[in-house]
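Below are the chains, spelled out letter by letter.
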Amino acid sequence: MAEKDYYEILGVSKDASQKEIKKAFRRLAQKYHPDKKGGDTKKFQKINEAYQTLSNEKKRNMYDRFGSAYKQAGGQAGSSGFGGFSNWGGFSRQSGSRAGVDFEDFGFGDLFSSFFSGGSRKRQKRSTRQGKDLAAEQEIEFKQAIFGTNKKMILDHLVKCDKCGGTGAEPGSGMKTCDKCNGKGQIVSTRSTIFGTVKNARICPKCKGQGEIPKTRCSKCQGEGRVREREEIKVKIPAGVKSGSVIKLSGKGEAGPKGAKSGDLYVTIKVKPSSDFKRQGRTIYYTKEIPLTTALLGGKVKVKTVDGKVNLKIPPQTSPGKKIRLKGKGAPDISTGSNSRGDQIVKIKLQIPDKLTKKQKKLIEELKDQGL
């Protein structure tokens, strides 16, 4: 089987920062998410697998050293003489780790701690997994992108159970110690190696690492602490937002199991094209057709802006293609949060009539005779 290149899957370099990795994941997740039109489940799974590894510093360190086989190497070390790990020198006596790698992730934490600290050490109970981040799109009008707006979205996702408050227990019943892990939140197994007995711990499948379970499961969420519901989400869209911008709504993703912290919601803004205006940064562009006489003699014409129609002064002898600036009629700068706006550029275009009357033709002939 070909080696998976997680960096190539996400389209980032091997020295990419965590911020760059997260940004790449969001972009690809929005494109290939199975719930989106044109999504691809297999590609999304590969993208998610790559992100789960590279976004975790410990896993990324192991992946950089051993490739995508690092999972098997960690999970099966005791069965093949620590298969794949050939150099154990130089690890820290305090942490049982080398090059930033925690051997507890591979089941050797208790073994090394017993060698160097004189006995086994207690492992901290793992916290409940946070809820998933979600991605959505919101389409807005061109003018709404300039001035900002508030939108409402209907999101079908997992939310905290309002009956049990996320505990998973029927109200009034309370919690009890998990009988599978005896309240430890982990199941510990042991095996013998040439170095002695190795202990390996995994999260208890019954209590999900909590160490306790409901005395009576909540009848609404069946003990999960969360239920799937349609929720109205309010999105505040700032003035000056650009198409493709992503707004983060903290805690508006899926609720975590058993009352754990909710994930975040990332809303990608899509701005509808305008039939009148084009935008580049803070500048708005608009084309205005004017009669030949106005171009030659000058005058005032009405032009559209995002604020409404205004009078524009046309200088005499204005050439086709000339650009006239309307200050303060552009878009605000969202990066600074300032209310000051850019400008609108009006491009002049000559209005050529489809037909000419006899009188108009005669006048134009006279102008022609005058060298115009």
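Parameters at a glance
Residues numbered from 1 in each chain as written. Predicted model: local features only at pLDDT ≥ 70, side-chain atom pairs only at ≥ 80, totals over all residues. Heavy atoms only, no water. Helix = DSSP H or I, 4+ residues; strand = E, 2+ residues; numbered from the N terminus. Buried < 20%, exposed > 50% of the residue type's maximum accessible area, 1.4 Å probe, protein only. Contact = heavy atoms within 4.5 Å. Areas by Shrake-Rupley, 256 points an atom, 1.4 Å probe, with all protein chains shown as cover. Phe/Tyr/Trp six-rings, centres within 6.5 Å; stacked < 30°, edge-to-face > 60°. Patch = residues over 30% accessible without salt bridge, like charges linked within 9 Å, V, L, I, M, F, W, Y side chains within 5 Å. Salt bridge = Lys/Arg side-chain N within 4 Å of Asp/Glu carboxyl O. Lys, Arg positive; Asp, Glu negative; His and termini not counted. Charge placed at Lys NZ, Arg CZ, Asp CG, Glu CD. Axes fitted to C-alpha atoms, helices over the stretch in contact; angles between N-to-C directions. Parallel < 35°, antiparallel > 145°, perpendicular 65-115°, else oblique. Left-handed = near helix turned anticlockwise from the far one by under 90°. pLDDT = per-residue confidence, 0-100. Pairing = 2+ DSSP bridges.

### Structural notes on the overall build of the chain
Here comes step 1: Of the regular secondary structure elements, the chain holds nine helices and 17 strands.
Here comes step 2: Expressed as a percentage of the 372 residues in the chain, the buried residues total 36%.
Here comes step 3: Residue pairs at least 24 apart in sequence account for 61% of intrachain contacts in the chain once pairs closer than 6 positions are excluded.
Here comes step 4: When the accessible area of the chain is evaluated, it comes to approximately 23,100 Å², of which 48% is carbon and sulfur surface.

### A word on the packing of aromatic side chains
Here comes step 1: Across all of its chains, the model carries five aromatic pairs by this definition.
Here comes step 2: Residues Tyr6 and Tyr63 carry aromatic rings whose centres are separated by 4.6 Å and whose planes lie at 25 degrees to one another, so their mutual orientation is stacked. Of the two residues, Tyr6 is situated in helix 1 (residues 6-10) and Tyr63 in helix 4 (residues 57-66); the sequence distance between them amounts to 57 residues.
Here comes step 3: Since its relative accessible area comes to 0%, Tyr6 is described here as buried.
Here comes step 4: Here a set of aromatic residues connected by ring pairs shows up, and it is made of Tyr6, Tyr7 and Tyr63.

### Concerning a positive patch on the surface
Here comes step 1: Taken together, the side chains of Lys19, Lys23, Arg27, Lys31, Lys42, Lys43 and Lys46 define a basic patch exposed on the protein surface.
Here comes step 2: Contributions of two or more residues to the positive patch are made by helix 2 (18-32) and helix 3 (41-54).
Here comes step 3: The element contributing the most residues to the positive patch is helix 2, with four residues.
Here comes step 4: The exposure class assigned to Lys42 is exposed, which follows from its relative accessible area of 65%.

### Observations concerning the packing of helix 2 against helix 3
Here comes step 1: At a closest axis distance of 10 Å, the pairing of helix 2 and helix 3 adopts a crossing angle of 165 degrees. Between helix 2 and helix 3, the crossing angle belongs to the class labelled roughly antiparallel. Once helix 2 is placed against helix 3, the crossing between them reads as left-handed. On helix 3, the residues that touch Gln18, Ile21, Lys22, Phe25, Leu28, Ala29 and Tyr32 of helix 2 are Lys43, Phe44, Ile47, Asn48, Tyr51 and Leu54.

### Let's talk about the confidence of the model for the chain
Here comes step 1: For the chain, per-residue confidence averages 81 on the pLDDT scale, and 81% of positions sit at 70 or higher.
Here comes step 2: Mean pLDDT across the elements of the chain bottoms out in strand 1 (residues 97-98) (34) and peaks in strand 16 (residues 323-326) (97).
Here comes step 3: Between residues 73-128, whose pLDDT stays under 50, and residues either more than four places distant or in other chains, the model counts 89 contacts.

### Considerations on the pattern of salt bridges
Here comes step 1: Under the counting rule described, the total for this entry stands at 14 salt bridges.
Here comes step 2: Asp307 is the partner of Lys329 in a salt bridge, and the nearest nitrogen-oxygen pair spans 3.8 Å. One end of the pair, Lys329, is in the loop between strand 16 and strand 17 (344-350); the other, Asp307, is in the loop between strand 14 (299-305) and strand 15 (308-314), and 22 residues separate them in sequence.
Here comes step 3: Overall, the relative accessible area of 23% leaves Lys329 in the partly exposed class.
Here comes step 4: Since its relative accessible area comes to 40%, Asp307 is described here as partly exposed.
Here comes step 5: Two residues, Asp343 and Arg325, come together in a salt bridge whose shortest N-O distance is 3.1 Å. Taken together, the residues span a long stretch of sequence, with Asp343 in the loop between strand 16 and strand 17 and Arg325 in strand 16 at a distance of 18 residues.
Here comes step 6: One network of salt bridges, in which partners are shared, links Glu139, Glu141 and Lys272.

### Concerning the sheet that holds strand 16
Here comes step 1: The sheet built from four strands is open, its strands ordered 12-13-17-16 with mixed pairing. Each end of this open sheet is capped by a strand with a single partner; those strands are strand 12 (278-280) and strand 16. Averaged over all adjacent pairs, the angle separating strand axes in this sheet is 30 degrees, with direction ignored.
Here comes step 2: With four bridges joining them, strand 16 and strand 17 adopt antiparallel strand pairing. Across the sheet, residue Leu326 finds its bridge partner in strand 17, namely Gln344.

### Quick word on the sheet that holds strand 3 (residues 134-140)
Here comes step 1: Strand order in the open sheet made by the three strands is 3-11-10, with mixed pairing throughout. Only two strands of the sheet have a single neighbouring strand rather than two, namely strand 3 and strand 10 (246-249). Each adjacent strand pair in this sheet contributes to an overall mean axis angle of 25 degrees, direction not counted.
Here comes step 2: The pairing of strand 3 with strand 11 (residues 265-271) spans seven bridges and is classified as parallel. By the bridge assignment for strand 11, Ile140 is matched with Val271.

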